[in-house]
Amino acid sequence: MNKLLNFGYILVISIVFGITMSTAIVKADSSLQSNSDFTLLKINDEFATTQEHEQAEENTEKEDLEAEELEGLEEYEISINGMTCANCETKVKGALLKCSGVKTAWVSHIEGSAVIEADTDMIDVDQIVAAIEKAGFAYLEEE
């Protein structure tokens, strides 16, 4: 009977040891998984940060180029007679943007005016007026 108790005791200890070891292995494996998850997250964060820096550099370069383009520009505000609707605005804007040297054009039939930015080395006011008149509208001289 004593031998059976010793055998049972050994069996119980072996089972408890096995369960303990299995639990330890699972915990170690999940710890390794957590470490690799953390490493992947860190790599993703570094990659995202790198991409953000590259995008910021590209934006800065683009803004610098746009600023250089705008340096030689002059803004003209022109009063226009005869515009009655959004289609008139579109027609005038198209005519202005076709002119060599005109970079931007904002036209309003409500205000009866246009504001353009143009390179003064490439175009003058007479050419702008001619484009407006060719589109079918009248230039109003400032008083």
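Given the structure is predicted, the values throughout are model-derived calculations rather than measurements. (Residues numbered from 1 in each chain as written. Predicted model: local features only at pLDDT ≥ 70, side-chain atom pairs only at ≥ 80, totals over all residues. Heavy atoms only, no water.)

Caption draft 1: Quick look at the overall build of the protein chain. For the protein chain, the helix and strand inventory stands at three helices and four strands. Mapped in sequence order, the helices and strands of the protein chain form the string α-β-α-β-β-α-β. Within the span of the protein chain, comprising 143 residues, buried residues form 20% of the whole. Contacts in the protein chain between residues at least 24 apart in sequence constitute 59% of all its contacts with a sequence separation of at least 6. Here the protein chain displays about 11000 Å² of accessible surface, and carbon together with sulfur accounts for 56% of that area. (Helix = DSSP H or I, 4+ residues; strand = E, 2+ residues; numbered from the N terminus. Buried < 20%, exposed > 50% of the residue type's maximum accessible area, 1.4 Å probe, protein only. Contact = heavy atoms within 4.5 Å. Areas by Shrake-Rupley, 256 points an atom, 1.4 Å probe, with all protein chains shown as cover.)

Caption draft 2: View of the confidence of the model for the protein chain. Looking at the protein chain as a whole, its pLDDT mean stands at 76, while 60% of the residues score no less than 70. The weakest mean pLDDT in the protein chain belongs to helix α1 (residues 2-71) at 63; the strongest belongs to helix α2 (residues 86-98) at 92. (pLDDT = per-residue confidence, 0-100.)

Caption draft 3: Inspection of the pairing of strand β2 (residues 102-108) at higher detail. Two strands pair when backbone bridges link them, and β2 and strand β3 (residues 113-119) are joined in this way by six bridges, in the antiparallel orientation. Residue pairing across strands places A105 opposite I116, the latter belonging to β3. Here β2 hands over to β3 after four residues, with G112 in that stretch at a positive phi of 65°. (Pairing = 2+ DSSP bridges.)

Caption draft 4: Inspection of the sheet that holds β3 at higher detail. Here we have four strands laid out as an open sheet, ordered β2-β3-β1-β4, and antiparallel in their pairing. Two strands close off the open sheet at either side, each with one partner strand: β2 and β4 (138-140). Sheet twist, expressed as the average angle between the axes of neighbouring strands with direction ignored, equals 35°. Against the sheet, helix α3 (residues 125-134) touches β1 (73-81), β3 and β4, its axis set at about 35° to β1. (Axes fitted to C-alpha atoms, helices over the stretch in contact; angles between N-to-C directions.)

Caption draft 5: Geometry of α2. Taking 1.5 Å of rise per residue, the 13 residues of α2 would be expected to cover 18 Å, and the 18 Å separating its terminal C-alpha atoms lies within 8% of that figure. Of the residues making up α2, those classed as buried are C88, E89, V92, A95 and L96. Down the axis of α2, the smallest arc covering the buried residues is 135°, so these residues share one side. Of the exposed residues in α2, the ones pointing more than 90 degrees away from its buried face are N87, T90 and K98. (Expected span 1.5 Å × (residues − 1). Arc of directions from axis to C-beta.)

Caption draft 6: Structural view of the pairing of β1. By the bridge criterion, seven bridges tie β1 to β3 in an arrangement that is antiparallel. By the bridge assignment for β3, E75 is matched with E117. Across three bridges, β1 lies against β4 in antiparallel orientation. Considered in β4, the bridge of N81 is made with A138.

Caption draft 7: Main features of the nonpolar core. Within the largest apolar cluster, 21 residues are counted, with the highest numbers of intra-cluster contacts made by I80, L96, I116, I128 and F137. When contributions to this core are tallied by element, the ones reaching two or more residues are β1, α2, β2, β3 and α3. Of all the elements, α2 adds the most residues to this core, at four residues. Every residue in contact with I116, bar those within four places of it in the chain, is listed here: E74, E75, Y76, L96, V102, T104, A105 and I128. (Core = buried A, V, L, I, M, F, W, Y, C linked by side-chain atoms within 4.5 Å.)

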